[in-house]
Amino acid sequence: MNIGVISDLHVDRHQTLKPNDYLTVLLNLINEKNIELLLIAGDISNSYKLTAQFINDIERESGKKVLFIPGNHDYWTTDNDASSVEILEFYMNMKQCLIGKPYVINGDWAIVGNTGWYDYTYADPKFSLEKIEKRKYYGATWQDKVKIDWSIEDRKLSMIAAQQTIKDIEQVKDKKVILMTHIVTHPKFAVPTPHRLFDYFNAFIGTSDFNRIYQNYNVQYSIMGHVHFRNAFNEQGVAYICPCLGYQREWRTAEIENEMRHALYQFAI
Ligand SMILES: [Fe+2]
């Protein structure tokens with residue numbers, strides 16, 4: 001089976017292109033590369049309605065299976081008619097959402113997914129917990145602080161996300177697992193430091209709560225997004241993949257076709 005993975009499409013953040021332009025380019029790539037199953041590791045848009053519509057559109061127009069997990073942006077309360085918890089429930093009711101329902105591909109392989117959450121452990125230790133909890137540094141505010149209304153603090157959320165993932169992975173533990181998160185689970189994908197801002201903001205990039213999952217289960221592929229770098233490496237039998245499209249301002253070229261082709265990662269099982 002030919003699997004395509006991509007993350008951080010942010011289809012509502014381009015100066016001129018519209019979500020439908022992203023859809024067209026993605027559909028062309030799915031077709032050209034013979035992708036049979038598309039995985040999206042979150043941050044499709046800042047609106048849960050647009051995110052859901054985009055997922056449904058890809059599936060309908062391509063005729064291929066699409067599975068996703070929401071990213072932090074997909075939980076933003078931009079539409080102003082639902083809380084982040086209600087938005088999570090909305091996603092969990094979508095057939096394409098992996099949270100709480102691992103997808104069994106065949107007798108050998110399954111896919112498990114969860115947004116994950118950041119637990120502050122990727123920040124430079126020079127920052128106190130009190131300083132990090134402000135989620136504000138050098139005049140910049142981490143936008144989840146104002147756009148997401150979880151009532152649970154971040155480190156607890158990270159633990160809950162890891163526990164939910166373990167519960168899901170237990171259901172398929174006899175199989176080889178493709179694990180998909182939005183939040184970074186390997187520090188190699190943190191923003192390289194020293195960095196004027198990300199010595200601090202790396203607090204909100206990754207988590208260490210998934211470490212035991214790699215130790216205890218047969219994870220073969222680990223897909224994540226969030227950090228807007230594109231990279232992949234192997235470590236101790238796990239292929240770690242970060243296939244982020246990212247924002248237009250972060251692109252090396254002006255052409256969405258180039259960028260999406262470069263971001264989309266493909267593997268076969
Ligand atoms: Fe993102």
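See the structure shown above.
What counts, and at which threshold
Residues numbered from 1 in each chain as written. Predicted model: local features only at pLDDT ≥ 70, side-chain atom pairs only at ≥ 80, totals over all residues. Heavy atoms only, no water. Helix = DSSP H or I, 4+ residues; strand = E, 2+ residues; numbered from the N terminus. Rg over C-alpha atoms; globule rule 2.2 N^0.38 Å. Buried < 20%, exposed > 50% of the residue type's maximum accessible area, 1.4 Å probe, protein only. Contact = heavy atoms within 4.5 Å. Areas by Shrake-Rupley, 256 points an atom, 1.4 Å probe, with all protein chains shown as cover. Lys, Arg positive; Asp, Glu negative; His and termini not counted. Charge placed at Lys NZ, Arg CZ, Asp CG, Glu CD. Donors = N, O, S within 2.8 Å, 3.2 Å for Na, K, Ca; no water. Tetrahedral: all angles 85-135°; square planar, octahedral: opposite > 155°, others 65-115°. Salt bridge = Lys/Arg side-chain N within 4 Å of Asp/Glu carboxyl O. Core = buried A, V, L, I, M, F, W, Y, C linked by side-chain atoms within 4.5 Å. Phe/Tyr/Trp six-rings, centres within 6.5 Å; stacked < 30°, edge-to-face > 60°. Lys NZ or Arg CZ within 6 Å of the ring centre and 35° of its normal. Expected span 1.5 Å × (residues − 1). Disulfide = S-S within 2.5 Å. Pairing = 2+ DSSP bridges. Axes fitted to C-alpha atoms, helices over the stretch in contact; angles between N-to-C directions.

**Structural notes on the overall build of the chain**
Turning to step 1, where the next piece is worked out: Within the chain one finds 9 helices and 12 strands.
Turning to step 2, where the next piece is worked out: A compact globule built from 269 residues should have a C-alpha radius of gyration of about 18 Å, and the chain, at 17 Å, falls within 12% of that.
Turning to step 3, where the next piece is worked out: For the chain, the proportion of its 269 residues judged to be buried stands at 54%.
Turning to step 4, where the next piece is worked out: Contacts in the chain between residues at least 24 apart in sequence constitute 77% of all its contacts with a sequence separation of at least 6.
Turning to step 5, where the next piece is worked out: Accessible surface, the chain: about 12,100 Å² in total, of which carbon and sulfur atoms supply 46%.
Turning to step 6, where the next piece is worked out: Across the chain, the mean location of the 29 positive side-chain charges is 2 Å away from that of the 33 negative side-chain charges.

**As for the coordination of the iron ion**
Turning to step 1, where the next piece is worked out: Surrounding the iron ion are the protein donor atoms Asp-8 (OD), His-10 (NE2), Asp-43 (OD) and His-228 (NE2), which sit 2.0 to 2.3 Å from the metal.
Turning to step 2, where the next piece is worked out: Taken together, the 4 donor atoms coordinating the iron ion span angles of 86 to 178° at the metal, a pattern that classifies the geometry as irregular.

**A short note on unusual backbone geometry**
Turning to step 1, where the next piece is worked out: Residue Pro-194 follows Thr-193 across a cis peptide bond; omega there is 5°.
Turning to step 2, where the next piece is worked out: Phi is positive for His-10, which is not a glycine, with a value near 45°.
Turning to step 3, where the next piece is worked out: Even without glycine at this site, Arg-135 takes up a positive phi of about 50°.

**Considering the pattern of salt bridges**
If charged atoms from side chains of opposite charge come close, those side chains can pair.
Turning to step 1, where the next piece is worked out: Tallied over the entire structure, the rule returns 12 salt bridges.
Turning to step 2, where the next piece is worked out: We note a salt bridge from Lys-49 to Asp-81, for which the minimum N-O separation is 2.7 Å. You can see Lys-49 sitting in helix H2 (residues 48-62) and its partner Asp-81 sitting in the loop between strand S3 (65-68) and helix H3 (84-92), a full 32 residues away along the chain.
Turning to step 3, where the next piece is worked out: Residue Asp-81 is classed as partly exposed on the basis of its relative accessible area of 42%.
Turning to step 4, where the next piece is worked out: A salt bridge links Lys-126 to Asp-199; the shortest N-O distance between them is 3.5 Å.

**With respect to the nonpolar core**
Turning to step 1, where the next piece is worked out: With 95 residues, the main nonpolar core has Leu-38, Leu-39, Ile-40, Ile-58, Ile-178 and Met-260 as its most contacted residues.
Turning to step 2, where the next piece is worked out: The dominant element in this core, judged by the number of residues it contributes, is helix H1 (residues 19-32), at 7 residues.
Turning to step 3, where the next piece is worked out: Those residues within four positions of Met-260 in sequence are excluded, and the remaining contacts are Ile-6, Leu-9, Tyr-22, Val-25, Leu-26, Leu-29 and Leu-245.

**A word on the packing of aromatic side chains**
Turning to step 1, where the next piece is worked out: By the definition in use, this model includes 27 aromatic pairs.
Turning to step 2, where the next piece is worked out: With a centroid separation of 5.9 Å and an interplanar angle of 85°, the aromatic rings of Trp-117 and Trp-150 are classed as edge-to-face. Pair noted here: Trp-117 is in the loop between strand S5 (109-114) and helix H4 (129-133) and Trp-150 is in the loop between helix H5 (144-147) and helix H6 (154-170), with a separation of 33 residues, a long-range link.
Turning to step 3, where the next piece is worked out: The residue whose ring lies beneath Lys-188 is Phe-233, and the NZ or CZ to ring-centre distance is 4.4 Å.

**So, H2**
Turning to step 1, where the next piece is worked out: With 15 residues, H2 extends 21 Å between its outermost C-alpha atoms, agreeing within 8% with the 21 Å of an ideal straight helix rising 1.5 Å per residue.
Turning to step 2, where the next piece is worked out: Among all positions of H2, only Tyr-48, Thr-51, Ala-52, Phe-54, Ile-55, Asp-57, Ile-58 and Glu-59 are buried.
Turning to step 3, where the next piece is worked out: Gly-63, located one to two residues past H2, shows a positive phi value of around 75°.

**Some thoughts on the state of the cysteines**
Turning to step 1, where the next piece is worked out: This model, assessed by the stated rule, comprises 0 disulfides.
Turning to step 2, where the next piece is worked out: Summary of cysteine pairing: Cys-97 is not part of a disulfide, and the nearest cysteine sulfur, belonging to Cys-244, is at 18 Å.
Turning to step 3, where the next piece is worked out: With no disulfide of its own, Cys-244 lies closest to Cys-242 among cysteine sulfurs, the gap being 3.9 Å.

**Some details on the sheet that holds strand S4 (residues 103-104)**
Turning to step 1, where the next piece is worked out: Sheet architecture is open: 6 strands sit in the order S4-S5-S8-S9-S11-S10, paired in mixed fashion. Among the strands making up the open sheet, the edge pair consists of S4 and strand S10 (230-235).
Turning to step 2, where the next piece is worked out: Relative to strand S9 (residues 219-223), strand S8 (residues 176-181) runs parallel, the two sharing 4 bridges. The residue of S9 that forms the bridge with Leu-179 is Ser-222.
Turning to step 3, where the next piece is worked out: On the sheet, H6 packs against S5, S8 and S9 and is oriented at approximately 160° with respect to S5.

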